[in-house]
Amino acid sequence: MVLRNQTQQMIGLAALPLTRSFSVRCNHLRWEGELQPTPLSVQYRIRIDARSNRRPRVRVVSPELTEPASELPHVFRDGSLCLCMPWQWDRTKSISRVMLPWISEWLLYYELWKATGEWLGGGHGEPAHGQETEIPV
């Protein structure tokens with residue numbers, strides 16, 4: 001089991017064409033990039049803040065999610081996205097290969113929720129499709 005530090009995570013993220021900005025300062029990684037869950041979706045600007053001993057905190061920067069966090073499914077009180085159960089993330093996982101697909105999947109389920117009023121992504125005891133998998137290199 002290999003633990004990944006913030007610099008290793010940054011290298012994986014910086015190489016992606018969807019990356020817009022990134023930095024590592026005082027063991028705090030900040031990354032911003034653009035994700036588009038489907039060809040018909042808008043592009044979302046995403047910010048990931050990761051500190052070494054915590055699960056990365058993910059926010060949609062734009063377009064702004066207009067619903068209050070209390071009304072949005074699968075978000076924390078501070079508006080950051082709830083992407084997995086606490087035991088599903090640890091420092092051996094790659095943000096670029098694991099977290100980014102989870103974010104894209106969350107955005108897809110968000111768009112479906114906006115259209116139907118029903119959250120189809122599982123969670124809270126019922127993992128969403130694909131949450132346990134990594135994208136191969």
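Scroll up to find the structure.
Nonpolar side chains in soluble globular proteins tend to be buried together. Membership of the largest hydrophobic core comes to 30 residues, with the highest contact counts inside it found for Ile46, Ile103 and Trp106. Of all the secondary-structure elements, those providing two or more residues to this core are helix H1 (6-14), strand S2 (28-35), strand S3 (44-51), strand S4 (57-62) and helix H2 (95-116). Considering every element that reaches this core, the biggest residue donor is H2, with eleven residues. Setting aside its immediate chain neighbours within four residues, tryptophan 106 contacts Leu65, Pro73, His74, Val75, Leu81, Cys82, Leu83 and Trp119.

With that out of the way, let us pick up the pattern of salt bridges. This model, assessed by the stated rule, comprises eight salt bridges. When the shortest N-O distance is used, the salt bridge between arginine 45 and glutamate 34 registers 3.0 Å. In this pair, arginine 45 sits in strand S3 while glutamate 34 sits in strand S2, placing the two residues eleven residues apart along the sequence. Relative accessible area serves as the criterion here: at 24%, arginine 45 is assigned to the partly exposed category. Glutamate 34 sits in the buried class, given a relative accessible area of 16%. For aspartate 78, the salt bridge identified is with arginine 59, shortest N-O distance 3.4 Å. Of the two residues, aspartate 78 sits in the loop between S4 and H2 while arginine 59 sits in strand S4, which places them 19 residues apart along the sequence. Via salt bridges that share partners, Glu32, Glu34, Arg45 and Arg47 belong to a single interconnected network.

Looking now at the environment of proline 63. Along the chain, proline 63 falls in the loop between S4 and H2. Separated by 21 residues in the primary sequence, proline 63 and valine 42 have C-alpha atoms spaced 8.4 Å apart.

Calculation rules
Residues numbered from 1 in each chain as written. Predicted model: local features only at pLDDT ≥ 70, side-chain atom pairs only at ≥ 80, totals over all residues. Heavy atoms only, no water. Core = buried A, V, L, I, M, F, W, Y, C linked by side-chain atoms within 4.5 Å. Buried < 20%, exposed > 50% of the residue type's maximum accessible area, 1.4 Å probe, protein only. Helix = DSSP H or I, 4+ residues; strand = E, 2+ residues; numbered from the N terminus. Contact = heavy atoms within 4.5 Å. Salt bridge = Lys/Arg side-chain N within 4 Å of Asp/Glu carboxyl O.

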